[in-house]
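Coordinates in review
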Amino acid sequence: MKKNKDSITRITVAVIFSLIALFVVYPLIKVIIESVMPNGSFSLSEYKYIFQKEWLRRTFFNSIKLGVIVATSSTIVGYIAAYSLYKVKLPGRSFFRQIVMLPLISPPFMLTISIILLLGRNGLITKKILGITSYSIYGLHGLVLVQTLCMFPIAYRVLTGVLARISPELENAALNLGSTKSYVFRSITFPLSIPGVASAWLLVFVTSIADFANPMVIAGNYDVLSVQAYLQFTGMYNIPRGSALAIMLLVPAFIAFVVEKYWISRKSFITVTGKPTGAKQDMVSPTTKNLLLGFLSSLTFVILLFYLTVIAGSFFKLWGIDYSLTLEHFKYSWDVGFDSIKDTIFLASVATPFTGMLGMIIAYLVVRKNFYGKHILQFSSLLSFAVPGTVVGIGYVLAFNEKPFLLTGTAAIIILCFIFRNMPVGLEAGIASLKQIDPSIEEASTDLGADSAYTFRKITLPLIKPAFFSGLSYSFVRAMTAVSAIIFLVSARWNHLTTLILAQTEIMRLGAASVLSLILIAIVMFVFYLMGKFIGDDEDLSEMMT
Amino acid sequence: MKKLFSSLLLAILIIGLMSVPTLAESVNVYTSLDEELARTVFEKYQDETGVDIRWVRLSTGEAVSRMMAESANPQASIWVGGVGLGHIQAKESGLTIPFEAENAQHVPANFKDPDNYWTGIYAGPLCFVSNTGRLEELGLEAPKSWADIVKPEYENQVQVANPGTSGTSYNVLATMVQIMGEDEAFEYMKKLDRSVVQYTRSGSAPGKNAAIGEIPIGIGYAHDQVKLKSQGYPLEITFPEEGTGYEVASISLIKGGQETETAKDLYNWLLSEEAAQIYADTFVVPFRDAELQPGAVPISEVNTIDQDDVWAGKNKERLVEKWNDEIYSQ
């Protein structure tokens, strides 16, 4: 019996290793090779060229600068939001908590479209209400605004995890000993949350520099690496240059990611494992409490405003000029977008189950089994998180364009891209929940005579179901809203809704772009709702959904 | 609940399966035509012949890049539309094959490839397009010449695309070099840079932005602007008196395409009178006789330069790099 189990494990490990080597590592290597072999022989000329030319050099520094600014602003906003919603008893907490997470599941262009509709030169706020015509939202400032709104939930998510686990006992003890509430914050709460702050900052930094959708639309002349790599690769057919730019994007993202995963996450300052105990009382003065409430309300208001704008944009004939109501955008979107909608749902639906299964299998192997190369497997599985979509897209085109891996133009290349890019989501959820299950439960089952398959099915699987399904929903969302990798992989036969939205936004058909974004988010929300119903309404589990 | 969920999942998969291509005859197309025009044209062809057209819209540069990237395994059989320069580039890179369509005889000789690698379907001159409302607010007049538009009063009022990413804009650059000679042309582009408030990525964006009043003046192709004007936007179209460049939107068969025979039929149909009328209905001016929309400007009525597209194609990379160095990097 044991021998069988061992060989199944060994085979599975081997298969997983090969899959990851082929679909995660190989494309990356191809990009690196292309960038250092511009004329067929090894040369760093592309990199030299990029650093020599000002207009290329500045894309690198622009990206870094953008990342730093947005990481900082998002962490601040996220911290305030997390603190307000988990350390203070505010009215309407559950409502705020839901709204704050909205930007995470939105289509990538939704906020950009809203910003243009509201603050563009024909914007509702800028032109109609304030009468300003010379202000341009395009550029670094617009980009920072949009990215902060999009990405602060990432920081928020990390920080709630950290703040919620800081035991109130410590803070209560301090208060009992006579310290003021602000001193408690400064000396206990905040220092304990510093690893969370660092984690959040780094994660947003990576997300910001990898962002492709927002800069494509609203960056104006503020050139960034992700866009320029795309333009060089697809617009100028300069594969070496595009690849080199992609690698320059990869390096800071990779470093930040590794620092976060292997240095900061290890420094856990959590004082108590599991859920904190002890009475919760407000850690802030009434004045501060009101300020926080005001802040949250404004934040929520802004987020909802942006959503409403997109909804409104779908119905007005020509935003900024003709505010008559019309359904023509819906008709146009249906004509133009029907194929894309079908394709996108199909591709995402096919990819998602595989993503979930793969993630679970790897999670099980990593947590419960011991084998040679375990850490390498875990690391390379998470690689997809660290690598910007642009790099993946270029890598897949380079890697799978020749025999024996002729996949460009097919559905398979898109589905595979989804699976391996989104697998880390399911993987992390799986690892987290498996770690919480005591192996002795499984041992008890085998002791009572069940074989390992039965144990897995009847004991392990039901216990990790919530994590599995939350992994599934997030994988589906990420597949539906992917842009930066997908834009390289769409073809005449297989379209993706996000590419279509981008095209509509670029030609200023904001009405159609709004409608398509709404359709996208409706699909995503529907799936989320289904998943939520499936897991059941449990606050613990919905916390795990994050 | 489980049942409901599984049936919903099944429903989604069934919806998706509908998108799996049927066994009917089909052809994969890359098009650089305006999205709406492409849709109308291809739907008409589909209705008439029953052939399923799978198409994706790519800009000229993107299309050429795609074809180059896929040269070992082409994913499409024909490229429809796109600046003639791109088609010349594609020919020189060995990405296309010659084809003398029956209808090509109706296309004037200087608008098709002498070796039949590409055939023009319409020509569009470059022009200035101005938003009359914004002009009035700013107390400006619509520019009437290349010399006009670099005058100080137009500073930061103009939008044009980036020559590196847009065929339209490279056309402008190439035109200036052909009018003035290279050194003077680059001096001119530096002055123009002061007037330009933003270099857009797509060639048709400046016109659209002028139409909705985002900026006062754009540079683009006349047919795009005529169409916008007919939709009711307050626009004035002017041509530079020194002479202007133009694009020859063309079609080419892609080498190694899987559906070349079907593509040939489509190619020929795209040169027919019927197709020409569809183009004309969207405000472009086809080479074949067709009833033009009011306001459409035939190329014969515009002062165009003697354009050498082959030269322009050969020098594109060099000139774009020079532009990036001397002007875009400030």
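In this text the structure is predicted, and so the values were computed from the model without any measurement.

Reading the values: rules and limits
Residues numbered from 1 in each chain as written. Chains lettered and ligands numbered in written order. Predicted model: local features only at pLDDT ≥ 70, side-chain atom pairs only at ≥ 80, totals over all residues. Helix = DSSP H or I, 4+ residues; strand = E, 2+ residues; numbered from the N terminus. Rg over C-alpha atoms; globule rule 2.2 N^0.38 Å. Buried ≥ 20, exposed ≤ 12 C-beta atoms within 10 Å, placed from the backbone. Contact = placed C-beta atoms within 7 Å. Domains from an automatic or database assignment. Pairing = 2+ DSSP bridges. Right-handed = clockwise from strand over helix to strand, strands pointing away. Core = buried A, V, L, I, M, F, W, Y, C linked by C-beta atoms within 7 Å. Axes fitted to C-alpha atoms, helices over the stretch in contact; angles between N-to-C directions. Parallel < 35°, antiparallel > 145°, perpendicular 65-115°, else oblique. Left-handed = near helix turned anticlockwise from the far one by under 90°. Nonpolar A, V, L, I, M, F, W, Y, C, P; charged D, E, K, R; others polar.

Focus on the overall build of chain A
What chain A contains, in helices and strands, is 23 helices and two strands. In terms of C-alpha radius of gyration, chain A reaches 24 Å, essentially the compact-globule figure of 24 Å for 546 residues. Taken over the C-alpha atoms alone, chain A extends approximately 70 × 65 × 50 Å along its principal axes. Taken over 546 residues, chain A has a buried fraction of 51%. For chain A, the share of sequence-separated contacts (at least 6 apart) that also reach a separation of at least 24 residues comes to 81%.

Quick look at the overall build of chain B
For chain B, the count of helices and strands is 14 helices and eleven strands. Radius of gyration (C-alpha) of chain B: 21 Å, near the 20 Å computed for a compact globule of 330 residues. Along the longest, intermediate and shortest principal axes, the C-alpha atoms of chain B span 65 × 60 × 40 Å. Of all 330 residues assigned to chain B, the portion counted as buried reaches 52%. Looking at chain B alone, contacts between residues at least 24 apart form 75% of all its contacts between residues at least 6 apart.

A short note on the domain arrangement of chain A
All names here are of chain A. By the assigned domains, chain A splits into domain 1 (1–36 + 331–546) and domain 2 (44–165 + 199–323). Look at where the C-alpha atoms of domain 1 and domain 2 centre, and you get two points 23 Å apart. Facing 36 residues of domain 1, the contacting portion of domain 2 comprises 43 residues. Per-element tally for the side of domain 1 that touches domain 2: the top contributor is helix α22 (residues 510–535), with eleven residues.

Describing the pairing of strand β10 (residues 246–254) of chain B
Along a regular strand, successive side chains alternate from one face of the sheet to the other. Residues and elements named next belong to chain B. Counting buried residues along β10, nine of its nine residues qualify, which places the element largely inside the surrounding structure. Residue alternation in β10 divides its side chains into two sets, Tyr246, Val248, Ser250, Ser252 and Ile254 and Glu247, Ala249, Ile251 and Leu253, and both sets are buried. Bridge count for strand β3 (residues 78–80) against β10 is three bridges, and the pairing is antiparallel. Looking across to β10, one finds that Trp79 is bridged to Ser252. The sheet contact formed by strand β5 (residues 118–131) and β10 spans seven bridges and is antiparallel. In the strand pairing of β10, Gly120 is matched with Ser250.

Digging into the environment of Glu260(A)
On the secondary structure map, Glu260(A) appears in helix α12 (residues 239–264). By the C-beta count within 10 Å, which is 22 here, Glu260(A) ends up buried.

Side note on the pairing of strand β2 (residues 52–57) of chain B
Residues and elements named next belong to chain B. In terms of strand pairing, strand β1 (residues 26–31) meets β2 through six bridges, oriented parallel. What sits directly across from Val29, in β2, is Trp55. Handedness of the β1-helix α2 (residues 35–49)-β2 crossover: right-handed.

Overview of helix α4 (residues 84–92) of chain B
An α-helix turns once per 3.6 residues; consequently, residues spaced three or four apart project the same way. Residue and element names in this part refer to chain B. Along α4, eight of the nine residues are buried, which leaves the element largely enclosed by surrounding structure. Looking at α4, one finds that the buried residues are Gly84, Leu85, Gly86, His87, Ile88, Gln89, Ala90 and Lys91. The elements touched by buried residues of α4 are α3 (60–69), β4 (96–97), β5, α7 (167–180), β10 and α13 (309–314). Two residues or fewer past α4, Gly94 is found with a positive phi of approximately 70°.

What to know about the nonpolar core
Residues Val204(A), Val206(A), Leu249(A), Leu347(A), Ile414(A), Cys417(A) and Ile78(B) are the most contacted members of the largest nonpolar core, which totals 262 residues. Among the domains, domain 1 (1–36 + 331–546) and domain 2 (44–165 + 199–323) of chain A are the pair contributing at least three residues each to this core. Not counting the four nearest positions on each side in its chain, Ile78(B) is found in contact with Val27(B), Val29(B), Ile251(B), Leu253(B), Ile254(B), Gly257(B), Ala263(B), Leu266(B) and Tyr267(B).

Considerations on the packing of helix α11 (residues 225–235) of chain A against α12(A)
All names here are of chain A. The geometry of α11 relative to α12 is characterised by a closest axis approach of 7 Å and an angle of 165° between their N-to-C directions. What the angle tells us is that α11 and α12 run roughly antiparallel. The crossing of α11 and α12 is left-handed. Two secondary-structure elements touch here, α11 through Leu225, Ser226, Gln228, Ala229, Gln232 and Phe233 and α12 through Ile239, Arg241, Gly242, Leu245, Ala246, Met248 and Leu249. Of the residues belonging to the contact of α11 with α12, the class tally is eight nonpolar, four polar and one charged.

Notes on unusual backbone geometry
Residues and elements named next belong to chain B. Phi is positive for Asn116, which is not a glycine, with a value near 65°. Within the secondary structure, Asn116 sits in the loop between β4 and β5. With 16 C-beta atoms packed within 10 Å, Asn116 lands in the partly exposed category. For Phe283, which is not a glycine, the phi torsion comes out positive at approximately 80°. Mapped onto the elements of the fold, Phe283 is located in the loop between α12 (273–281) and β11 (285–286).

Considerations on the packing of helix α3 (residues 54–86) of chain A against helix α13 (residues 286–315) of chain A
All names here are of chain A. Relative to each other, α3 and α13 sit at 120°, their axes nearing to 10 Å. α3 and α13 meet at a crossing whose hand is left-handed. Where α3 abuts α13, its residues Ile80, Ala81 and Ser84 lie against Leu292, Phe295, Leu296 and Leu299. Partitioning the contact of α3 with α13 into residue classes produces six nonpolar, one polar and no charged.

Details of the interface of chain A and chain B
Of the residues lining the interface, 41 residues belong to chain A; the matching set on chain B comes to 46 residues. The set of elements that each furnish at least two residues to the side of chain A that touches chain B consists of α3, α11, α14 (328–368), α21 (497–506) and α22 of chain A. Of the residues forming the side of chain A that touches chain B, the biggest block, seven residues, is contributed by α14(A).

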